[in-house]
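# Inside the fold
Each chain, written out:
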Amino acid sequence: MKQVIPQRVAILGSTGSIGTSTLDVLARHPGRFEVYALTAATQVDLLAQQCLKFEPRLAVMASAAHANRLATLLKEAGSGTEVRGGPQALVDVAAHEEVDTVMAAIVGAAGLGSCLAAARAGKRLLLANKEALVVGGEFFLQAVRTGGATLLPIDSEHSAIFQSLPDDPATWQQRVDKIILTASGGPFRTRDPRTLRDVTPDQACDHPNWVMGRKISVDSATMMNKALEVIEARYLFGLPPERLEVVIHPQSVIHSMVQYSDHSVVAQLGTPDMRVPIAYGLSWPERMASGATALDFRTLAAMTFEPLDAPGHAERYAGIHLAWEALRSPAGTTAVLNAANEVAVEAFLARRIRFDQIHAVNLRTLEAISPAAPGSLDDLLALDSHSRAAAGQSVASLSH
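Residues numbered from 1 in each chain as written. Predicted model: local features only at pLDDT ≥ 70, side-chain atom pairs only at ≥ 80, totals over all residues. Heavy atoms only, no water.

## Quick look at the overall build of the protein
Helices and strands together make up the secondary structure of the protein, namely 17 helices and 11 strands. Since a compact globule built from 400 residues should have a radius of gyration of about 21 Å, the 21 Å found for the protein is in line with a globular shape. In terms of overall dimensions, the protein has a C-alpha envelope of 60 × 50 × 40 Å along the principal axes. Scored against the burial criterion, the 400 residues of the protein give a buried share of 55%. A separation threshold of at least 6 residues defines the contact pool for the protein, and within that pool the share at least 24 residues apart is 69%. (Helix = DSSP H or I, 4+ residues; strand = E, 2+ residues; numbered from the N terminus. Rg over C-alpha atoms; globule rule 2.2 N^0.38 Å. Buried < 20%, exposed > 50% of the residue type's maximum accessible area, 1.4 Å probe, protein only. Contact = heavy atoms within 4.5 Å.)

## A look at the sheet that holds strand S2 (residues 33–40)
Overall, parallel pairing links the seven strands, which are arranged S4-S3-S2-S1-S5-S6-S7 in an open sheet. At either margin of the open sheet sits one strand with a lone partner, and together these are strand S4 (82–85) and strand S7 (150–153). Within the sheet, the average angular offset between the axes of one strand and its neighbour, ignoring direction, is 20°. Alignment of strand S1 (residues 7–12) against strand S5 (residues 101–104), held across four bridges, turns out to be parallel. When the sheet's bridge partners are listed, Leu 12 is paired in S5 with Ala 104. In the packing of helix H6 (residues 131–147) onto the sheet, contacts are made with strand S6 (124–127) and S7, and the angle to S6 comes to roughly 165°. (Pairing = 2+ DSSP bridges. Axes fitted to C-alpha atoms, helices over the stretch in contact; angles between N-to-C directions.)

## Quick notes on a nonpolar patch on the surface
Residues Leu 269, Phe 297, Met 303 and Phe 305 make up a contiguous nonpolar surface patch of about 370 Å² in total accessible area. Inspection of the secondary structure puts Met 303 in the loop between helix H12 (275–283) and helix H13 (313–316). (Patch = residues over 30% accessible without salt bridge, like charges linked within 9 Å, V, L, I, M, F, W, Y side chains within 5 Å. Areas by Shrake-Rupley, 256 points an atom, 1.4 Å probe, with all protein chains shown as cover. Salt bridge = Lys/Arg side-chain N within 4 Å of Asp/Glu carboxyl O.)

## With respect to H6
A rise of 1.5 Å per residue sets the reference length of H6, with its 17 residues, at 24 Å; its end C-alpha atoms lie only 19 Å apart and thus fall more than 12% short of the reference. Helix geometry: H6 is bent most strongly at Gly 137, by close to 110°. Counting buried residues along H6, 12 of its 17 residues qualify, which places the element largely inside the surrounding structure. Taken together, the buried positions of H6 are Glu 131, Ala 132, Leu 133, Val 134, Val 135, Gly 136, Gly 137, Phe 139, Phe 140, Leu 141, Ala 143 and Val 144. Once H6 finishes, Gly 148 follows within two positions and takes phi at roughly 70°, a positive value. (Expected span 1.5 Å × (residues − 1). Bend = angle between axes of the 7 residues up to and from the residue.)

## Looking at the packing of helix H16 (residues 358–368) against helix H17 (residues 377–399)
Orientation of H16 relative to H17, taken along the N-to-C sense of each, is 130°, at an axis distance of 9 Å. Put simply, H16 runs oblique to H17. As for how H16 packs across H17, the hand of that crossing is right-handed. The segment H16 lies against H17, with Ala 360, Val 361, Arg 364 and Thr 365 engaging Ser 387, Ala 390, Ala 391, Ser 394, Val 395, Ser 397 and Leu 398. (Parallel < 35°, antiparallel > 145°, perpendicular 65-115°, else oblique. Left-handed = near helix turned anticlockwise from the far one by under 90°.)

From the geometry alone we can't say anything about function, so treat these as descriptive.
Rendered as structure tokens:
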């Protein structure tokens, strides 16, 4: 009988919601996968628990101080996991020759360097970090092509689109009429827009359907997550901006749809559980158990849809249309938008600006920065830094 060689997996951002869900899926398939490396930014105690349970060969913390603390905890527990620290260690793990698959689940532009390293090293790259494409754009895609990496989307919407498209990407332009991304509408879909100035961080993070980190939960409340997903879809699937559409679907059962040239529509349905796209990415082109609950059509509530221009939505989701504007603007504009939004959300969570001022920060930053087309990682990081500084100035002006 032929011996099965486990697929060696590195999880970048293992202590976040995607990371913990990935570990849950991997634990359901012993012998098929090996957890080779785990990384985290600051959650030392949780990463230590994960290392003791899954026994990875490597563990990486974002800073040397956190790495030293983790190493002490693991040594006291008798663990043999090697601990490293710092940004370069993260890049090294992503490109490690013994790693087959990289789950890129670091939130924000902080994950860009490691995503590029995995792409250039030709890994099976499971992309849960949408910023790699939003910030990196064509530069990131070129790294994927040059390295011969296999790029698989993990965001529920993009995984749904990928599952609904023809197998041959060369046919997408001719056979596909448009891509339709669905959005839950977040926690304020029916709230009076005039009251949004009073929203608290805890209210914005209380998503009705999904369990997510605080940053992405706020993005869902403003629908900036959907703006970023439109940009990501543009780069992932190659269709022009005018063939990308967003529709609000509060039940989050249909995760996205593809409308073909004959106007038939193929959709991917499932319970709102990130383990489904994670399992698909890990097993593609096969499928395997995810641990998610199956849809029960006997008890499924009615599915409803709302257009973005429904009454009140223009005020609730002012930032969504920045996606199409950024895609039609000079290269690098999407990176500016991403940086501005990260700064704005951080300021809101710190109660330095109001919820309804997040859009103002994004808009002012786009108006202040005229990007040049980035040609290197240094260019991207410089543009990100410049944009963050401009966004910080906007936050400061609104805070007074």
